Amino acid sequence: MMIRRETDADVAAVREVVGAAFAQDGGKVPVEVALLDALRADDAWLPALSLVAVDHTGRPVGHVVCTRGLLTPEDGPVVPALDLGPLAVRPDRQGTGVGSALMHAVLGAADALDEPLVALLGAPAYYARFGFRAAAEYGVAAPEPEWGEYFQVRTLTAHHPGARGHFAYAPPFQEL
């Protein structure tokens, strides 16, 4: 398996991976597929942070993306930040380390780009292994207060401890 940036040629395969990873009974296209399409068309899209895991044939088996979010302090300038998701792995490859590899790769890429922090909404038991903690511990307020411990932040090297405030996801997330 190799992790690399997504290319235009990967878009259809990535849609299939995301659709399969989030498929539910009823055959409806998962909302995560539409979200990914909307993110690609938005100014928040950061091509350097859309990564695919490919198998030995070059076929995508997983995908992760970070897009531009914003941290708005009560006083002071808005701080650019990242929102992560969706993270998707083909069902037949789940539990084999693909998701972990994608997470490590995207966090490393974000750190190399001098991003201060990454926020996500997800299971604390899963994301803690990548250094995510409840956002409230860092003074970062969730877009929806009821998200509680499920709204998490991972600080990166460029993070300034004084960067506190309300987090806003990229616009396509807000339209869900």
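This report concerns the structure included in the present document.

Conventions used here
- Residues numbered from 1 in each chain as written.
- Predicted model: local features only at pLDDT ≥ 70, side-chain atom pairs only at ≥ 80, totals over all residues.
- Heavy atoms only, no water.
- Salt bridge = Lys/Arg side-chain N within 4 Å of Asp/Glu carboxyl O.
- Helix = DSSP H or I, 4+ residues; strand = E, 2+ residues; numbered from the N terminus.
- Polar contact = N/O pair within 3.5 Å; in protein donor to acceptor, adjacent residues only side chain to side chain.
- Contact = heavy atoms within 4.5 Å.
- Core = buried A, V, L, I, M, F, W, Y, C linked by side-chain atoms within 4.5 Å.
- Buried < 20%, exposed > 50% of the residue type's maximum accessible area, 1.4 Å probe, protein only.

## Topic: the pattern of salt bridges
One side chain can pair with another of opposite charge once the charged atoms of both are near each other.
Line of reasoning, step 1. On inspection of all chains with the given rule, the structure shows 8 salt bridges.
Line of reasoning, step 2. One salt bridge connects Asp 37 with Arg 40, and the closest N-O pair in it is separated by 3.8 Å. Remark: Arg 40 and Asp 37 occur in helix 2 (residues 31-40); sequence separation between them is 3 residues, near one turn of the helix.
Line of reasoning, step 3. Connected via shared salt-bridge partners are Glu 6, Arg 15, Asp 37 and Arg 40.

## Re the side chain of His 63
Line of reasoning, step 1. Tracing the backbone shows His 63 in strand 3 (residues 60-72).
Line of reasoning, step 2. At 2.9 Å, the side chain of His 63 and the side chain of Ser 50 are in polar contact.
Line of reasoning, step 3. Aside from chain neighbours lying at most four places away, what touches His 63 is Glu 6, Val 14, Leu 36, Ser 50, Leu 51, Val 52, Pro 86, Leu 87, Ala 88 and Leu 102.

## Section: the nonpolar core
Line of reasoning, step 1. Val 140, Phe 151, Val 153 and Phe 167 are the most contacted members of the largest nonpolar core, which has 28 residues in total.
Line of reasoning, step 2. Going through the elements one at a time, helix 1 (11-21), helix 2, strand 2 (50-54), strand 3, strand 4 (79-89), strand 5 (117-121) and strand 8 (151-155) are the ones with two or more residues in this core.
Line of reasoning, step 3. Here this core gets 4 residues from one element, more than from any other, and that element is helix 2.
Line of reasoning, step 4. When sequence neighbours within four positions are dropped, the list of residues in contact with Val 140 reads Leu 71, Ala 135, Phe 151, Val 153, Ala 163, Gly 165 and Phe 167.

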